[in-house]
Amino acid sequence: MSILIQNGTLVLPNGPTAADLRVEDGKIAAIGPGLSAEGCQVIDARGKLVFPGFIDTHTHFEMNKGTDRETADDWTTGTRAALAGGTTCVLDFAEPDHGCSLQSALDAWHSRADGHASCNYSFHMTIVDWDQRIRDELPRMTEQGITSYKVYLAYDGMRIPDGTAYEIIKAVGKEGGIVGCHCENGDLIDESIAELKAAGKLSPSSHPLAHSAVIEAEAVGRWLALAEQAGYPVNVVHLSTQRGLEQALLARSHGQPLYLESCPQYFTMTDEKYQLPGFESAKFVFSPPLRKQEDVDALWEALSEDEIDTIGTDHCSFDYATTKQLGKDDFSQIPPGIPGTEHRPAIMYTFGVKGGHIDVLQMMLSMSERPARLFGMFPQKGTLAVGSDADIVIFDPDHTWRIHAADQYQNVDYTPYEDMEMAGRTDTVLLNGQIAVEGGRVVREGLGTFVSRGPSQFWR
Ligand SMILES: [Zn+2]
């Protein structure tokens, strides 16, 4: 069955263009004005924007499995929610247990995702141990389509020393892949938490104090120093502060190639959310935390100037009524994370495009094309081009609505964006050439396939 998307505005690499697009056998077969509709199912996209499917560079589905801190969204619900919002591919973080191989984590994540996912997917590999055995696994990861990695400079059980981070950047760089880093100074977080607890400051309002801007900025600077010395490009995930951004821009001014990811929450909310009554603020506890308005402004400026490369969500959902309550008497025990994969396209369109910070091309670049390039999926994914996979979003820029947990696909009992008004909505989604979302509702589930990725395609 061929599908013809007629009369839409296609967001192509050179900008929005009025044209038709024909899909055949799961691929984009033709792009141009006035394409013949013969033999095609026709979708009228008049007045709508047609994007290459959005890629969420940062999700955590079915994390902490089997513990009291298991995430609310599993692979079935998380990918269904992502799809409904217009995300056709997620990059989730596979996490090996201590002492276990990367292969064991890859196998575990495949067993959770394969056959359950409603959007396409691949995995970043988290490295928590580093020795010759793990190093020897990297080529085998490459063979299996895994070319991106993550390390943490904070959190007991996850954090690695600087020397180890340096070695990992080099080893992954030689493989043609890229390492992303959670940039926070782990020692300072631990010291700050201890001081706050000793002072009896146990509520969620302490969370941003234990994860201050300098704690991020120091780690960004250190991470980039390690990368410069190692001689390979790296990624900074979920950048949240002006001061962290300044570290990155300074490194760039010296010619260092590096990539920056940020997330919708850091563009749309501030740390005022940590002053809510009762335990409500726990709904906004994630790391790094929400920041000041000046940070929000700096991130928008950086995105508008193409200094921020990708927008992911860090979707990591915990139910408020149960799991978040683990930290009711101690903010440091609140499982950190928020849902968001369902709402990213609408939020970035509403606040970014309608808000006058970015244009639709920049939205496409940050959420489709650059993620696909950085993570080795381009041009199979991330662009509307003849021969590319038909992962396509038809977005209605005139549909106003409000986000409510009560009618979200995300399988979690709240959303940090509750009652926010959206000025646009994903209407129709084609996944691998099949109509999977119509009128904002998922009509076909379980069509997601694993995306085997190649080396990073650097542009910096
Ligand atoms: Zn994360």
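Now for a description of the structure that goes with this document. (Residues numbered from 1 in each chain as written. Predicted model: local features only at pLDDT ≥ 70, side-chain atom pairs only at ≥ 80, totals over all residues. Heavy atoms only, no water.)

1. A few points about the coordination of the zinc ion
Expected angles at a metal are 109.5 degrees for tetrahedral coordination by four donors and either 90 or 180 degrees for octahedral coordination by six donors. The protein atoms donating to the zinc ion are His58 (NE2), His60 (NE2) and Asp314 (OD), with metal-donor distances spanning 2.0 to 2.2 Å. Spacing between the donor residues of the zinc ion along their common chain follows H-x1-H-x253-D. Taken as a pair, His58 and His60 share a single burial class, namely buried. (Donors = N, O, S within 2.8 Å, 3.2 Å for Na, K, Ca; no water. Buried < 20%, exposed > 50% of the residue type's maximum accessible area, 1.4 Å probe, protein only.)

2. Remarks on helix H11 (residues 344-353)
Counting buried residues along H11, nine of its 10 residues qualify, which places the element largely inside the surrounding structure. Looking only at H11, the buried set comprises Arg344, Pro345, Ala346, Ile347, Met348, Tyr349, Thr350, Gly352 and Val353. (Helix = DSSP H or I, 4+ residues; strand = E, 2+ residues; numbered from the N terminus.)

3. Overview of the nonpolar core
Phe51, Trp75, Phe123, Met125, Tyr149, Trp223 and Leu224 are the most contacted members of the largest nonpolar core, which totals 111 residues. Element by element, the count of residues in this core is highest for helix H7 (residues 213-230), at eight residues. In this structure, Trp75 is in contact with Phe61, Glu62, Val90, Asp92, Trp109, Arg112, Ala113, His116, Ala117, Tyr121 and Phe123, ignoring residues within four places of it in sequence. One finds Ile5, Ala19, Leu384 and Ile392 within the second-largest nonpolar core, a separate group that totals 17 residues. (Core = buried A, V, L, I, M, F, W, Y, C linked by side-chain atoms within 4.5 Å. Contact = heavy atoms within 4.5 Å.)

4. Here's the deal with the side chain of Ser122
Considering the arrangement of structural elements, one finds Ser122 in strand S8 (residues 120-126). Among the polar contacts listed, one links the side chain of Ser122 to the side chain of Arg453, at a separation of 2.9 Å. Leave out the neighbours within four places in its chain, and Ser122 touches Val90, Leu91, Asp92, Gly145, Ile146, Phe450, Val451 and Arg453. (Polar contact = N/O pair within 3.5 Å; in protein donor to acceptor, adjacent residues only side chain to side chain.)

5. Here's the deal with the side chain of Glu342
As for its placement among the helices and strands, Glu342 is situated in the loop between strand S13 (310-311) and H11. Buried charge without a salt bridge: Glu342, with Arg441 as the nearest opposite-charge side chain at an N-O distance of 6.4 Å. Beyond its immediate stretch of four places on either side in the chain, Glu342 contacts Ala81, Ala82, Gly85, Gln408, Tyr409 and Gln410. (Lys, Arg positive; Asp, Glu negative; His and termini not counted. Salt bridge = Lys/Arg side-chain N within 4 Å of Asp/Glu carboxyl O.)

6. Examining the sheet that holds strand S10 (residues 178-182)
An order of S6-S7-S8-S9-S10-S11-S12-S13 is seen for the eight strands of this open sheet, with the pairing classed as parallel. Each having just a single partner strand, strand S6 (54-59) and S13 make up the two edges of the open sheet. Here S8 pairs with strand S9 (residues 148-152) via two bridges, running parallel. Note that in S9 the partner of Thr126 across the bridge is Lys150. Taken strand by strand, H11 contacts S6, strand S7 (87-94) and S13, and its axis lies near 110° from that of S6. (Pairing = 2+ DSSP bridges. Axes fitted to C-alpha atoms, helices over the stretch in contact; angles between N-to-C directions.)

7. Thoughts on the packing of H7 against helix H8 (residues 242-253)
Following both chains from N to C, one finds H7 and H8 inclined at 20°, their axes separated by 7 Å at the closest point. Judged on the interaxial angle alone, H8 and H7 are roughly parallel. Of the two possible hands of crossing, H7 and H8 adopt the one that is right-handed. For the pair formed by H7 and H8, the contact residues are Ala213, Val214, Glu216, Ala217, Val220, Gly221 and Leu224 on the first element and Arg243, Gly244, Gln247, Ala248 and Ala251 on the second. Per-class residue counts for the contact of H7 with H8 are seven nonpolar, three polar and two charged. (Parallel < 35°, antiparallel > 145°, perpendicular 65-115°, else oblique. Left-handed = near helix turned anticlockwise from the far one by under 90°. Nonpolar A, V, L, I, M, F, W, Y, C, P; charged D, E, K, R; others polar.)

8. Focus on the pattern of salt bridges
Evaluated as defined, the whole model comprises 23 salt bridges. Across the pair Lys65 and Glu62 runs a salt bridge, and its minimum N-O distance is 3.0 Å. Judged by its relative accessible area of 44%, Lys65 is partly exposed. A salt bridge links Asp131 to Arg133, with the shortest nitrogen-to-oxygen separation between them at 3.5 Å. Exposure remark for Arg133: the relative accessible area of 38% places this residue in the partly exposed category. Put simply, Lys27, Lys381, Asp389 and Asp391 are held in one network by salt bridges that share partners.

9. Description of the pairing of strand S1 (residues 2-12)
Counting buried positions along S1 yields eight of 11 residues, so the element is predominantly enclosed. Where S1 meets strand S4 (residues 40-44), five bridges bridge the pair, whose relative direction is parallel. Its bridge partner lying in S4, Leu4 is registered against Val42. Alignment of S1 against strand S2 (residues 15-24), held across eight bridges, turns out to be antiparallel. Across the sheet, the residue bridging to Gly8 is Ala19, located in S2. The loop that links S1 with its antiparallel partner S2 comprises two residues. Looking at chain direction, S1 and strand S5 (residues 49-52) are connected through two bridges and run parallel. Note on S5: the bridge partner recorded for Thr9 is Leu49.

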